[in-house]
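# Coordinate analysis (summary)
Here are the chains, one letter per residue:
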Amino acid sequence: MNIEEIKELRLRANEIRRLSIDMIYGAQSGHPGGSLSAADILITLYFKIMKVDPANPQWPDRDRFVLSKGHASAAYYAVLALKGYFPMDELKNFRKINSMLQGHPTIHVPGVDMTTGSLGQGFSTSLGMALAGKIDGKDYHVYTLVGDGEMDEGIVWEAAINAVHNKLDNLIMIVDRNMYQLDGNTEKILSLGEVSKKLEAFGWEVREIDGHSITEIYISIMESMQRNGKPKAIVARTVKGKGVSYMQNTHEFHGKPPNKEQYEKAIKELEEEKNRIMSE
Ligand SMILES: Cc1ncc(C[n+]2csc(CCOP(=O)(O)OP(=O)(O)O)c2C)c(N)n1
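We now turn to the structure provided with this report. (Residues numbered from 1 in each chain as written. Predicted model: local features only at pLDDT ≥ 70, side-chain atom pairs only at ≥ 80, totals over all residues.)

### Side note on the pairing of strand 2 (residues 142-147)
The condition is simple: Three exposure classes are used. Buried residues have 20 or more other C-beta atoms within 10 Å of their own C-beta, exposed residues have 12 or fewer, and partly exposed residues fall in between, all C-beta atoms being placed from the backbone. Each helix is a run of H or I in the DSSP string that is no shorter than four residues. Each strand is a run of E no shorter than two, and both are numbered from the N terminus. Here a strand pair is declared whenever DSSP counts at least two bridges between the two strands. Here a crossover is taken to be right-handed if, once the strands point away from the viewer, the path from the first strand over the helix to the second is traced clockwise.
The buried fraction of strand 2 amounts to 6 of the 6 residues, a majority that puts the element mostly inside the structure. Both strand 1 (residues 64-67) and strand 2 contribute to a ladder of 4 bridges, which runs parallel. Looking across to strand 2, one finds that Leu-67 is bridged to Leu-145. Two elements, strand 2 and strand 3 (residues 171-177), share 6 bridges in a ladder whose sense is parallel. Its bridge partner being in strand 3, Val-146 is matched across the sheet by Val-175. A crossover connection joins strand 2 to the parallel strand 3 through helix 5 (residues 154-165); in handedness this β-α-β unit is right-handed.

Structure representation (structure tokens):
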């Protein structure tokens, strides 16, 4: 990837953050913190890595993506719209009654491979997709984005054991390690500790990266594509609320929309960041 490509992806991630804030403010509900932390990962996956066809969302050979931390739907929908799965205008209906863009993703949305929201379940279904890929002799990869708070769920570890047992080297889990969950710091609520070592002990091939560096996200995923009999995990160190100063490193904006004054400040900060990237 050259500098210009990286810059373009950073600008897209900035746009995802801006759209997420707009959607959540417009709906006066949603999850800004975990949407902002995941923006760079989602953009790199959809605009640089994944083999998908927005004109044919059900293409059998496509790569799959599961947003296991389904509450980060704002960022996910924004990426899908930007990628061309449905009109950008649809984003205005986020979380409205009868809209297809509900608070948590469902398979009724073009591009969404799995309905999620109940933490832990998305990850285990991604394992099923990877296993199906093996059984069907398909080449696709399955990517799944899991929250660190989500890893409190026992089903995650059950699936982690199973993925190794079934040699699912087509499964790439990305952990959004932002250190916060719904009501506090992950280490205070239920210490996850050294998640990389835990996964390694289970038999996963693990990489740790800066989850806001497009380059590191890209390289770690490319390296994880090797078919060597091991499922892959990328532990991405991120900042909850990344890009909006008062939302960063706190659980306060886990599931709370900004008020008018906060909204204006968020948009101003994201606009400044955009100008900074453009002037580089
Ligand atoms: C089974 C289940 N229990 C509880 C919840 C409520 N809930 C939604 S998000 C969340 C915290 C998730 O934390 P994390 O995975 O770290 O998300 P992030 O910080 O990346 O937004 C909780 C407890 C849920 N969605 N599903």
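### A word on the site of the ligand
Just so we agree on the cut-off: For each residue, a C-beta atom is placed from the backbone, and the residue is labelled near a molecule or strand when this atom is within 6 Å of it. Here the term charged refers only to Asp, Glu, Lys and Arg, the term nonpolar to Ala, Val, Leu, Ile, Met, Phe, Trp, Tyr, Cys and Pro, and the term polar to all other amino acids, Gly among them.
Close to the ligand lie 21 residues; Gly-34, Gly-147, Gly-149, Glu-150 and Gln-181 are nearest. Looking at the shell around the ligand, the elements that each hand over two or more residues are helix 2 (32-49) and strand 4 (180-181). At 3 residues, helix 2 tops the list of elements feeding residues into the shell around the ligand. Broken down by class, the residue content of the shell around the ligand amounts to 4 nonpolar, 12 polar and 5 charged.

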